[in-house]
Amino acid sequence: MEEGRECGRLDRRNSISLPAGLDSMEPIEYTPQLTPERVRHADGYETSDTFSDGGISEGDSSAPESESAKMPLPNRVRKKSVMPSSHMMSKIEVDQDNRSDTTELTDPSPGNSITSVNSISSLLKEKLMMTLPKALKRRKKPKEYKLRGFVAMLFLSIVFLVGFAHVYYHQQVLQRAYFDKIRFNKEERILRLYNSEGVEIALGYLGVELPSTDRVYHCLEQDQEDGKVCLEWMHRARLYLSYKEEKSKGKEQGFRCYTLTWESLSTDTRLVDCFENGQFHGHWYGGGRTLGMAWPVELGKVEMAPFVTGYIGTHRWGSVLKRYFINSRGVAISIDPQTPLYVSINAEEKTRLCLEARHDDFAYVTHKGLPKLNYSVCTSSNMKLLHSFLSEKSLWDGAKQSDLEVINKLVEEPVWQIAPADTKSLTETAILNYTEDVISLGFLRQGHVLINEKWQNHVGDLTMDPKRFPTMNETIDIIHRRGFKIALTVQPFVATESANFAAAVQQGLLINERGGEFRKVPALTSYKSAPSAGMFDITNNNTFPWIHEKLRFLNKSYQIDAFYLDMGTAYDMPQYYQLQQNLTNPDHYKTIFTNKLHGVWRVIGVSGAIARPPAPIFVSLPTLPSTWESLQLIIPTILTYGIVGYPFLMPGPVGGDYLPEEPVQTKATTVTMDGLGIGDLRITDESKLPDKELYMRWLQLATFLPVIRYSHLPSEYKTDETILEQAKILTTLRIETVNPILTKYTREALDSGVPLIRPLWMLDPSDSACHVVVDEFSIGEEIIVAPILSNGTYEREVYLPAGVWKDGIDASLRKGSRWLHSYKVNINKIAYFIKMPDNTRF
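The structure presented is a predicted model; accordingly, all values stated were derived computationally and were not measured.

A. Local environment of the confidence of the model for the chain. Scored by pLDDT, the chain comes out at a mean of 81, with 76% of its residues at no less than 70. Taken as a whole, residues 663-683 scores under 50 in pLDDT and shows 56 contacts with residues more than four places along the chain or in a different chain.

Following this line, the structure appears as structure tokens:
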């Protein structure tokens, strides 16, 4: 029985039920047919996945046409589920690969209704068993694609990592830390500086004009120097690197300085080093005034040009320079004075500050041999400490208490500039009337009366014009009794019309033309009112005794109190100049001329400089026309001059130096120089005065600067008394608030060399917002000034550094480290803020 039951189970699993009456017949081949619901399309898919529940006969059985199987007939008829044979399973699998479903067979016997539940169960089992392999196979290809994709990505990742590791290793091998906190890739000539935390603070590209294919070698023994690394590019250039570290007094803070010296080995070699500037590599400041006066320097553009003084608009650089640049990330560059320096900023569409050593036929014509580029790069934790460390500390050297008194007088009292365009307008009467008008105002202090070069009949006379100043000694005596001091402008030029020109030529006191060894011919130039003039040879030992004698006679005759030196720029030198002793560059002339006169006479100001003059000499800002654009240039110019080492600065007159009119075309450039002083009709026509709003905003700014200088008096605006009232209010503010702070920081400037007028980053060097503020400044660390610099503007954005600040307009207290948006400033107000103690509550 058990065997029979097993056979029955096998019959149910493996046999096909036949209609009643056929179970005794011999096995026959049975070819099933597709039902209409499962008709197969040409693409191998079927029209339906439904099962047919109808009876099966010879004509409508459901098995593949190509499949024939011998079916044993069971002893009894019943509906069976069919499990295909192994041969049929192979066929079914082939059909599944063709994306077809397995055909089901049903029994049409009457027992179908009795066994319907079992049939449905069998059918579901069969469906599951036949569709599962199909589903697995259908998923096989996507898994295969994913696997292949993963392998491909893994392969690419391995290739990338191997390549990156190779490059990184190659760079690390080439990039060597020759000294502390510096790495130099000698093959690619890339220099990287790091701070004490290991953060990169400067990126330099050295020798950018050297061929990239040239190999670098260590120098031969005879070319090496003690304590220096020496590298050589054969027959092209040699580079020396050295390092020193210093500790600040009483602090653990260190200052690291690296000296780089390039030497040319070929006339074809260009020595150019560049440093990145901008947001990711810090902001650079310094150098001097450029066209547009960018602050920071990356906001401007300067093509490669000799780093000598000139006239903005005609030349790349202004009249006051210093070979010094400082970066907001605590990096500073100082270039040796002997280097024939060219400088570019953001030239050739690159955000780089570039230095080049180059000889030429004008600025560096006296240099012999091949060029050398020599400079130092110093670093510290922040640029405020670094600037303080690098500032010159020698202002007190040779200074006297009387020099400090002169500085305080210039800070506390105005300078009255008398500079008419017409020589005939400058007379004794004009000067007396001007001083009388100042006194009649009643609220302005007396100060120095500064007279331009037209006190002479011709430039270089060094004596008063007897026709216009017949009793000048008596006039000056009156002026002294009124409380004023007289300062005369002196130039190193001698007009060919001057009575002194022939004597100077005869005694060999003038610069000669180059190449005139056998025949001394004076080299001529032009300067301001002198269309043809010679220039004193300051390297001749007889020149200064001759000048001193002239000035001594002048002082004895008229009791002159001080002199102002108007020395022009490097381009005012004769084109083919030849001095008895060579100068490193034309600007070296200014330094010698200033120092020689300062040692004998009181000098209160100079028009230009490349090195800080001794106290109490103030350096003037450049001449500016009476425009709103000029007003906007004052703050970045005075900040730049202060940073490069000139703490005592003398701005131009309120309202500008001259009114721009129709331009006058010259060979060199287009200029306008319509004088603004008392010489122009003794102003009765207000159309000849600066714009009223411009004058008032200019006066507000000048109130907070080291020296306030007047040309036009506020009383000359007779149709608008608000200007005079505003001048009274600002004068009181200057006397009561500004002067005491300026006087306080004067002593600090003499001790440490830091400027009186400072950028906001000197208050908080870690605040990135302070790095780019171009229209605000601070007096020491106690007052922040934010003037209005645009026409028709009555509000502005103001940034306050960290701390608590008292508003100078409404006396409210404001917290720092934030912007004041749309801060209201009326026409008669100026925004300023006074620093309060840190523990101030509000």
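B. Examining the environment of Leu 699 more closely. Secondary-structure assignment places Leu 699 in helix 12 (residues 692-702). Sequence-distant contacts of Leu 699, that is, excluding residues within four places in its chain, are made with Val 654, Ile 708, Tyr 710, Ala 727 and Leu 730.

C. Here's a closer look at a nonpolar patch on the surface. Taken together, the side chains of Leu 147, Phe 150, Val 151, Leu 154, Ile 158 and Val 162 define a hydrophobic patch exposed on the protein surface, amounting to about 580 Å² of accessible area. In this fold, Val 162 is placed in helix 3 (residues 116-174).

D. Spatial organisation of the packing of helix 9 (residues 543-558) against helix 10 (residues 588-598). Packing of helix 9 against helix 10 leaves a shortest axis separation of 11 Å and a crossing angle of 50°. The orientation of helix 9 with respect to helix 10, classified from their angle, is oblique. Here the hand of the crossing between helix 9 and helix 10 comes out right-handed. In this structure, helix 9 contributes Phe 544, Ile 547, His 548 and Leu 551 to the contact, and helix 10 contributes Ile 592, Phe 593, Lys 596 and Leu 597. Partitioning the contact of helix 9 with helix 10 into residue classes produces 6 nonpolar, 1 polar and 1 charged.

E. Structural view of the environment of Lys 550. Relative to the helices and strands, Lys 550 resides in helix 9. Sequence spacing of Lys 550 and Thr 463 is 87 residues, and the spatial spacing of their C-alpha atoms is 7.8 Å. Setting aside chain neighbours within four positions, we find Lys 550 in contact with Leu 462 and Asn 500.

F. Seen up close, the state of the cysteines. In the structure shown here, the tally under the stated rule is 3 disulfides. A disulfide bridge connects Cys 219 with Cys 230, and the sulfur atoms are separated by 1.9 Å. For the disulfide bridge between Cys 219 and Cys 230, the dihedral angle about the S-S bond is near -75°, and by the sign convention the bridge is left-handed. Of this pair, Cys 219 sits in the loop between strand 7 (216-218) and strand 8 (229-233) while Cys 230 sits in strand 8, and the two are 11 residues apart along the sequence.

G. Expanded view of unusual backbone geometry. Pro 296 follows Trp 295 through a cis peptide bond whose omega is -5°. Geometrically, the link from Ala 615 to Pro 616 is a cis peptide bond, its omega value of 10° lying close to zero. As for its placement among the helices and strands, Pro 616 is situated in the loop between strand 28 (603-606) and strand 29 (618-620). We note that Leu 462 has phi near 55°; this positive angle belongs to a residue other than glycine. In this fold, Leu 462 is placed in the loop between strand 20 (448-451) and helix 7 (472-481). Given a relative accessible area of 6%, Leu 462 falls into the buried group. One non-glycine residue, Ala 811, lies in the positive phi region at around 65°. As for its position among the elements, Ala 811 is in the loop between strand 40 (804-807) and strand 41 (813-815).

H. Focus on the packing of aromatic side chains. In this structure the tally under the stated criterion is 24 aromatic pairs. Centroid distance Tyr 285 to Trp 295: 4.6 Å. Interplanar angle 50°. Geometry classified as tilted. Remark: Trp 295 occurs in the loop between strand 12 (284-290) and strand 13 (302-306) and Tyr 285 occurs in strand 12; sequence separation between them is 10 residues. When its relative accessible area of 0% is taken as the criterion, Tyr 285 is described as buried.

Here is what the cut-offs are and how they apply
Residues numbered from 1 in each chain as written. Predicted model: local features only at pLDDT ≥ 70, side-chain atom pairs only at ≥ 80, totals over all residues. Heavy atoms only, no water. pLDDT = per-residue confidence, 0-100. Contact = heavy atoms within 4.5 Å. Helix = DSSP H or I, 4+ residues; strand = E, 2+ residues; numbered from the N terminus. Patch = residues over 30% accessible without salt bridge, like charges linked within 9 Å, V, L, I, M, F, W, Y side chains within 5 Å. Areas by Shrake-Rupley, 256 points an atom, 1.4 Å probe, with all protein chains shown as cover. Salt bridge = Lys/Arg side-chain N within 4 Å of Asp/Glu carboxyl O. Axes fitted to C-alpha atoms, helices over the stretch in contact; angles between N-to-C directions. Parallel < 35°, antiparallel > 145°, perpendicular 65-115°, else oblique. Left-handed = near helix turned anticlockwise from the far one by under 90°. Nonpolar A, V, L, I, M, F, W, Y, C, P; charged D, E, K, R; others polar. Disulfide = S-S within 2.5 Å. Buried < 20%, exposed > 50% of the residue type's maximum accessible area, 1.4 Å probe, protein only. Phe/Tyr/Trp six-rings, centres within 6.5 Å; stacked < 30°, edge-to-face > 60°.

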